[in-house]
Amino acid sequence: MSVTKITTKEFDQMVQAAAVVLKNNAEFINSLNVFPVPDGDTGTNMNLSFASGAKYVAASSTTKIGEQAQALAKGLLMGARGNSGVILSQIFRGFSKDVADKTTLSTVDFAEAITAGAKTAYQSVMKPTEGTILTVIRYAANAGQRTAEKTDNLSEVADEIAKAADLALQKTPDLLPVLKQVGVVDSGGQGLVFVLQAFADVLNQRQPSNDVRAKFNVESNKMDQLVNQDHHESAQGQLNPADIVYGYCTQMTVRFGKGKAADKKFDYDTFYNYLAPLGDSLLVINDDEVAKVHVHTEQPGKVLAWGQQFGDLVNIKIDNMRDQQATIMETDAADQPKQQPEKSEQPRDLAIIAIVTGQGMEKLFRSVGVTSIISGGQTMNPSTEDIVKAVNQSHAKQALVLPNNKNIFLAAEQAEKLTDIPMKVVHTKTIPQGLTAMFSLNPEASLVTNQKNMDSSLEMVKSGQLTAAVRDTQINGFDIKKGQYMGIIDGEIQVISDELDVAATKTVKKMLDADSENVTIIYGQGASEQDAKQIEEFALKQDSELEVEIHQGDQPVYPLIVAVE
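Predicted, not measured: the structure shown is a model, and the values here were computed from it. (Residues numbered from 1 in each chain as written. Predicted model: local features only at pLDDT ≥ 70, side-chain atom pairs only at ≥ 80, totals over all residues. Heavy atoms only, no water.)

Draft legend 1. Region of the structure containing the overall build of the chain. On a plain count of helices and strands, the chain comes out with 21 helices and 16 strands. Per-residue burial for the chain yields a buried fraction of 55% across its 565 residues. Partitioning the contacts of the chain with sequence separation of at least 6, the portion at a separation of at least 24 is 71%. Of the accessible surface of the chain, which amounts to about 25600 Å², a share of 47% is contributed by carbon and sulfur atoms. (Helix = DSSP H or I, 4+ residues; strand = E, 2+ residues; numbered from the N terminus. Buried < 20%, exposed > 50% of the residue type's maximum accessible area, 1.4 Å probe, protein only. Contact = heavy atoms within 4.5 Å. Areas by Shrake-Rupley, 256 points an atom, 1.4 Å probe, with all protein chains shown as cover.)

Draft legend 2. Representation of the sheet that holds strand β6 (residues 372–375) in the model. Taken together, four strands build an open sheet; the order of strands is β6-β5-β7-β8 and the sheet is parallel. Each edge of the open sheet is held by one strand with a lone partner, namely β6 and β8 (423–425). On average, adjacent strands in this sheet sit at an angle of 20 degrees to one another, irrespective of strand direction. Two strands pair when backbone bridges link them, and strand β5 (residues 348–356) and β6 are joined in this way by four bridges, in the parallel orientation. (Pairing = 2+ DSSP bridges. Axes fitted to C-alpha atoms, helices over the stretch in contact; angles between N-to-C directions.)

Draft legend 3. Just unusual backbone geometry, in detail. Positive phi values are uncommon outside glycine, yet H395 reaches one of about 55 degrees. Its identity is not glycine, yet D554 carries a phi of approximately 65 degrees, on the positive side. Along the chain, the position of D554 falls in the loop between β15 (547–552) and β16 (560–564).

Draft legend 4. Highlighting the pattern of salt bridges. For the structure shown, the criterion picks out 15 salt bridges. Residues R206 and D201 are paired through a salt bridge, measuring 3.0 Å at the closest nitrogen-oxygen approach. Overall, R206 belongs to the partly exposed group, its relative accessible area being 34%. As a salt-bridge pair, K533 and E529 come within 3.8 Å of each other at their nearest N and O atoms. Separated by four residues within a single helix, K533 and E529 lie in helix α21 (residues 529–542), roughly one turn from each other. Residue classification places K533 among the partly exposed residues on the basis of a relative accessible area of 40%. A single network of salt bridges, built from pairs that share partners, joins D159, D201 and R206. (Salt bridge = Lys/Arg side-chain N within 4 Å of Asp/Glu carboxyl O.)

Draft legend 5. Spatial organisation of the sheet that holds strand β14 (residues 518–523). In spatial order, the strands read β13-β12-β9-β16-β14-β15; together these six strands make up an open sheet with mixed pairing. Edge positions in the sheet fall to β13 (492–497) and β15, since each of these pairs with one other strand and no more. Averaged over neighbouring strand pairs, the angle between their axes works out to 20 degrees when direction is ignored.

Draft legend 6. Just the side chain of S52, in detail. If you trace the backbone, S52 turns up in helix α3 (residues 42–58). On the basis of relative accessible area, S52 is assigned to the buried category, the value being 15%. The residues touching S52, leaving out its near neighbours within four places in the chain, are G75 and G79.

Draft legend 7. Just the environment of A141, in detail. Within the secondary structure layout, A141 lies in helix α7 (residues 133–148). By relative accessible area, which is 3% here, A141 ends up buried. Between the alpha carbons of A141 and A162 there is a distance of 9.7 Å; along the sequence they are 21 residues apart.

Here you go:
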């Protein structure tokens, strides 16, 4: 197969194919997270980031590759989520700048654009680390340049780029010891390999061949996370119930080969393609035994009947979203007087925007002076565009953003360049750091001074997080079994136990020292106030002079969060 130029037609096909492959393999990429915690969201972030870019490309009617690449870069920039999504956006930012004046691409043009993308990605990271997505794009770029010198066949160049990327991916454990310790390749690098392989498949007129769903046993709780996340995103905003096109949120689990009506063998594309025209927000996630389905539709009966042709149905759930939305709007209207800003439309001097999840957590951060909340964090990183919108809608002269998660740093830093008002990022990696930073805020100080002072205060607090392992693994000398509770202190797993209370008390004991004065315990989903009080009792036995506070955070993923200052 010989292709000597890429037109806008081929480029659109390449982008859309890559978006599909990332969507299909998001959970596999998530599974490569080094820590066995339920917030391994690299695949989700890369999927949503690239989907935003693909949407911009699909909406473009240009006949020039340069303009089309700029649309991709713009969509990726605005949709970038997590560090992996931001680096991906930087790769295609460099790519788009290099081809800005091109109508079509030759082999040399394509190879040089990939190289420009690699350089831009490296420059975007303060301390580039080898054994990551950066290594993968560098190997890919070098291979592209070498091959383009020998041939004008783009299908051959694209294949060599994809092969080199995969070779680099397999080497990432040798470059980053923690990957070898856990037995995985770099998750961001894996996502990029999927993108580059999809490009090569399109240029060679092949069907994408690297869908690894069959190799990955999708766990039920992971499928639930994707369904819940999709439903959360689609339900945002004050949507009039009458404007909901597909009114029934329909969910089911199909157990393959079971049931009297089952007469079809499951094929993902056949199964998915039948359901796609019936509604929107469609998710189909499967392993060898079951498929979990989520779709918004007007015909739930057809959805269920289709599922029955492949197996029996369990966990059936159908919700009338029009009724749900009407209830939500009534509740919001009842609460509106409490949430209304002061009548004065004068902008405030400074907005402090925190990224947190959980109703209790939102109340806690507002109580210490945060003015606006972006709902997000673990498993649901906000995009650059989400942050820009929150800042621009804050009615302030300037803004500080508290990510409370290191995986949001790059997206937040990109937002600094796009907001209508001056904005700075306070580099809070955890909820405890976010709370501590707020106590260093000086309303009379400048934006830059506040950022520096708040950043400096972060070393005053120790952050403890309790969560359950989502898979078996060995790391940091621990042999961790799925379901065991882990105590994570300042990003490092330090405690393992079969019981939450035991893991929690051991974690607190490790966090306390002679200088400790204050302990804050925040309980969320999977824990109770009684659990928090047991930790309080334990802490006071260690030091009766400690000041202990307990708050209900309602946060997911981490049943207990502990701060020690």
